[in-house]
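Here are the chains, one letter per residue:
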Amino acid sequence: KDLQEGQDVVHLTEETARRLFDEAAADTAAAAAATWTVASVESKSRRNAGPVPFITSTLQQDSNRRLGLSVSDTMRAAQMLYEGGYISYMRTDSTHLSNDALEAGRG
């Protein structure tokens, strides 16, 4: 019995199985040996919004999940970063920025 379309299970004779295997191998070899040419390239600009800023609770949760830090260790590290001028004020529950801040960031 040969291939039958629409069947969930297909029983192949050994001859049919070998023929299908040989055809697939020939197709693969032909594709690998072929010379391919890129016909066109399209460039599209896209804007990556970046990750959402941390609020206090998500900073604490992520530092615990990723680094195993306690809440007090996280806030101590954040305070040191703030005092060193590396981050803006770290205790916030709002991710809203004023229009002035947005314009300054866009430069």
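These figures come from a predicted structure and were not determined experimentally. (Residues numbered from 1 in each chain as written. Predicted model: local features only at pLDDT ≥ 70, side-chain atom pairs only at ≥ 80, totals over all residues. Heavy atoms only, no water.)

*Asks:* Explain the overall build of the protein chain here, please?
*Replies:* Of regular secondary structure, the protein chain possesses four helices and zero strands. For the protein chain, the α and β elements follow one another from N to C terminus as α-α-α-α. Here the protein chain holds 107 residues, and the buried ones make up 8% of them. Long-range contacts, defined as pairs at least 24 residues apart, comprise 28% of the intrachain contacts of the protein chain with a sequence gap of at least 6. Split by element, the accessible area of the protein chain, about 9,800 Å² in all, is 53% carbon and sulfur. (Helix = DSSP H or I, 4+ residues; strand = E, 2+ residues; numbered from the N terminus. Buried < 20%, exposed > 50% of the residue type's maximum accessible area, 1.4 Å probe, protein only. Contact = heavy atoms within 4.5 Å. Areas by Shrake-Rupley, 256 points an atom, 1.4 Å probe, with all protein chains shown as cover.)

*Asks:* Could you clarify how one ought to interpret the environment of Leu59 in this entry?
*Replies:* Relative to the helices and strands, Leu59 resides in helix H2 (residues 56–67). Setting aside residues no more than four positions away along its own chain, Leu59 makes contact with Phe54, Thr74 and Ala78.

*Asks:* Looking at this structure, I do not really get a nonpolar patch on the surface. What am I missing?
*Replies:* Where nonpolar side chains cluster on the molecular surface, the patch consists of Leu81, Tyr82, Tyr86, Ile87 and Tyr89 and spans about 550 Å² of accessible area. Mapped onto the fold, Leu81 is located in helix H3 (residues 71–83). (Patch = residues over 30% accessible without salt bridge, like charges linked within 9 Å, V, L, I, M, F, W, Y side chains within 5 Å. Salt bridge = Lys/Arg side-chain N within 4 Å of Asp/Glu carboxyl O.)

*Asks:* How should I be thinking about the side chain of Thr74 in this particular structure?
*Replies:* Of note, Thr74 is situated in helix H3. With relative accessibility at 3%, the residue Thr74 sits in the buried group. Of the polar contacts made by the side chain of Thr74, one reaches the backbone oxygen of Ser70; its length is 2.9 Å. The residues contacting Thr74, other than those within four sequence positions of it, are Leu59, Gln60, Ser63 and Leu69. (Polar contact = N/O pair within 3.5 Å; in protein donor to acceptor, adjacent residues only side chain to side chain.)

*Asks:* What exactly am I supposed to notice about the pattern of salt bridges here?
*Replies:* Summed over all chains, the structure comprises six salt bridges. Of the charged contacts in the structure, one is a salt bridge between Arg106 and Glu103, with a shortest N-O distance of 3.5 Å. Placement of the pair is Arg106 and Glu103 together in helix H4 (residues 99–106), with a separation of three residues, close to one helical turn. Judged on exposure class, the residue Arg106 and its partner Glu103 are both exposed.

*Asks:* Help me understand H3 in this model?
*Replies:* Owing to its 3.6 residues per turn, the α-helix aligns residues three or four sequence positions apart on the same side. If you check H3, its first and last C-alpha atoms are 18 Å apart, about what 13 residues at 1.5 Å a residue would give, namely 18 Å. Every buried residue of H3 is accounted for by Thr74, Met75 and Ala78. Down the axis of H3, the buried set is contained in an arc of 90°. They therefore lie on one face. Along H3, the residues that are exposed and aim more than 90 degrees away from the buried face are Met80 and Glu83. Lining the buried residues of H3 we find H2. (Expected span 1.5 Å × (residues − 1). Arc of directions from axis to C-beta.)

*Asks:* Even after reading the chapter, I still don't get the environment of Met75, so can you show me in this structure?
*Replies:* Mapping Met75 onto the fold places it in helix H3. C-alpha of Met75 to C-alpha of Gln60: the two residues are 15 residues apart in sequence and 7.7 Å apart in space.

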